[in-house]
Amino acid sequence: ANIKRLRTDYKASVTVPDSQGPERILTLSTNLGTVCEMMLDIIPQLEDYQKHKDLNFDCEIRFLIHQSQAGCIIGRAGFKIKELREETNTNIKAYSPPAPPPKERAV
């Protein structure tokens, strides 16, 4: 029901393939602004979030981005990622791609 609502409300492509483990990969395909709106809608629905009535808890979310966009997040000499960490008070990690290099990069 939630996936169908996201597709309808945001006019976006949303997929969640089956997985053997507890983690799921949520793929949102639309423009950047809409993805950000969708994340603001999705995060409060997460099970970890529901267990806490205030916002004082740690939550881990992993984004898989296209390799060509990683530099936009990291910035020259790591300046942008440092700035993002400081402004959002978050721990942001950009993992190096494994060999052979994929088209996406985990952040």
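Scroll up a little and you will see the structure.
Not measured: the values here are computed from a predicted model.

Digging into the nonpolar core
Logical step 1: Residues L6, Y10, A12, V14, L28, V35, M38, M39 and I42 constitute the largest nonpolar core, which totals 9 residues.
Logical step 2: Breaking this core down by element, the ones donating at least two residues are α1 (2-10) and α2 (32-42).
Logical step 3: For this core, the leading source of residues is α2, giving 4 residues.
Logical step 4: Core analysis: the second largest hydrophobic core is formed by 5 residues, A70, I81, I92 and V107 among them.

Here's the deal with the packing of α1 against α2
Logical step 1: Between α1 and α2, whose axes approach to 11 Å, the crossing angle comes to 145°. Relative to α2, the crossing made by α1 is right-handed. When α1 is examined against α2, the residues R5, L6 and Y10 are found in contact with a partner set consisting of T34, E37, M38, D41 and I42.
Logical step 2: Among the residues forming the contact of α1 with α2, the class breakdown is 4 nonpolar, 1 polar and 3 charged.

Cut-offs and rules
- Residues numbered from 1 in each chain as written.
- Predicted model: local features only at pLDDT ≥ 70, side-chain atom pairs only at ≥ 80, totals over all residues.
- Heavy atoms only, no water.
- Core = buried A, V, L, I, M, F, W, Y, C linked by side-chain atoms within 4.5 Å.
- Buried < 20%, exposed > 50% of the residue type's maximum accessible area, 1.4 Å probe, protein only.
- Helix = DSSP H or I, 4+ residues; strand = E, 2+ residues; numbered from the N terminus.
- Axes fitted to C-alpha atoms, helices over the stretch in contact; angles between N-to-C directions.
- Left-handed = near helix turned anticlockwise from the far one by under 90°.
- Contact = heavy atoms within 4.5 Å.
- Nonpolar A, V, L, I, M, F, W, Y, C, P; charged D, E, K, R; others polar.

Such coordinate-based values are descriptive only and should not be taken to indicate function.
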